[in-house]
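Overview (structure and organization)
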Amino acid sequence: MLVTTIDHASAHDYLNERFAKAYAFLQQDSLSELPLGRNDIDGDDVFANVQEYDTVPAAEKQLEAHRRYYDVQFVVSGEELLQYAQLEGLDEAQPFDEGNDFGLYATPERTTDVVLRAGDMAVLAPEDAHKPGCTLGAEPCHVRKIVVKVRA
């Protein structure tokens, strides 16, 4: 899935060598057995963060964004709602942390909702603010997810 504006489309090559390494990593059979936390793929150019959490209502979260990395978010088990909005023009909820390549932003009135279930993947570029881990429906769901960070 690629959702972007036409102004940003030509700047992204989702089939370059770093993305190919990310996709190959996600095709291995033992994803449910990977240890939580960072798993190296290609140094700081491509690495995976393995996470487990329970989803929460979207209203309890803020959008996040990164400047140096794309996120390749892959759901191993469970399901979640991911909200997405263009970063441009959003109000910062806290100052951007350059060291951790992480910023939080206020959620605008309009977002795009994407449902991710086991086996689904979303690729988010640095200009994409996103809110993963949101509850789909009324009940929280336990999710195991791998976020592969691909250097922009």
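Structural notes, computed from the coordinates. As the structure is a prediction and not an experimental result, all values here were calculated from the model.

1. Digging into the nonpolar core
With 20 residues, the main nonpolar core has Phe19, Val72, Ile146, Val148 and Val150 as its most contacted residues. Broken down by element, this core gets its largest block of residues, 5 residues, from helix H2 (residues 17–26). Residue contacts for Val148: discarding those within four places in its chain leaves Ala22, Phe25, Leu26, Ile41, Val46, Phe47, Ala48, Tyr70, Asp71 and Val72. Counting 9 residues, the second-largest nonpolar core is a separate cluster that includes Tyr53, Val75, Ala122 and Leu124.

2. Section: the sheet that holds strand S4 (residues 69–77)
If you trace the 5 strands from one edge of the open sheet to the other, you get S1-S2-S10-S4-S8, paired in antiparallel fashion. Unpaired on one side and paired on the other, strand S1 (37–42) and strand S8 (121–124) mark the two borders of the sheet. Pairwise comparison of adjacent strand axes, ignoring direction, gives a mean angle of 20 degrees for this sheet. Two elements, S1 and strand S2 (residues 46–54), share 5 bridges in a ladder whose sense is antiparallel. Within the sheet, the bridge partner assigned to Asn39 lies in S2 and is Ala48. Its contacts with the sheet place H2 against S1, S2, S4, S8 and strand S10 (142–151), and it is angled at close to 155 degrees to S10.

So, how was this worked out
Here the residue index of a chain counts from 1 through its sequence in written order. Restriction of local features to residues with pLDDT of at least 70 applies here, the model being predicted, together with a cutoff of 80 or more for giving and counting side-chain atom pairs; totals for whole chains, interfaces and linings are based on all residues. For the side-chain quantities, the full set of heavy atoms in the structure was used; hydrogens and water were omitted. Definition of nonpolar core: a set of buried residues of the types Ala, Val, Leu, Ile, Met, Phe, Trp, Tyr and Cys, connected through side-chain atoms within 4.5 Å. For every residue, the accessible area obtained with a 1.4 Å probe (protein chains only) is divided by the maximum for its type, and the residue is called buried under 20%, exposed over 50%, and partly exposed between those limits. Comment: elements are numbered from the N terminus, with helices defined as DSSP H or I runs of at least four residues and strands as E runs of at least two. Any pair of residues with heavy atoms lying within 4.5 Å of one another is described as a contacting pair. Each pair of strands is called paired provided DSSP finds at least two bridges between the two strands. Orientation is described by lines fitted to C-alpha atoms, with helices fitted over the stretch in contact, and by angles between N-to-C directions that extend from 0 to 180 degrees.

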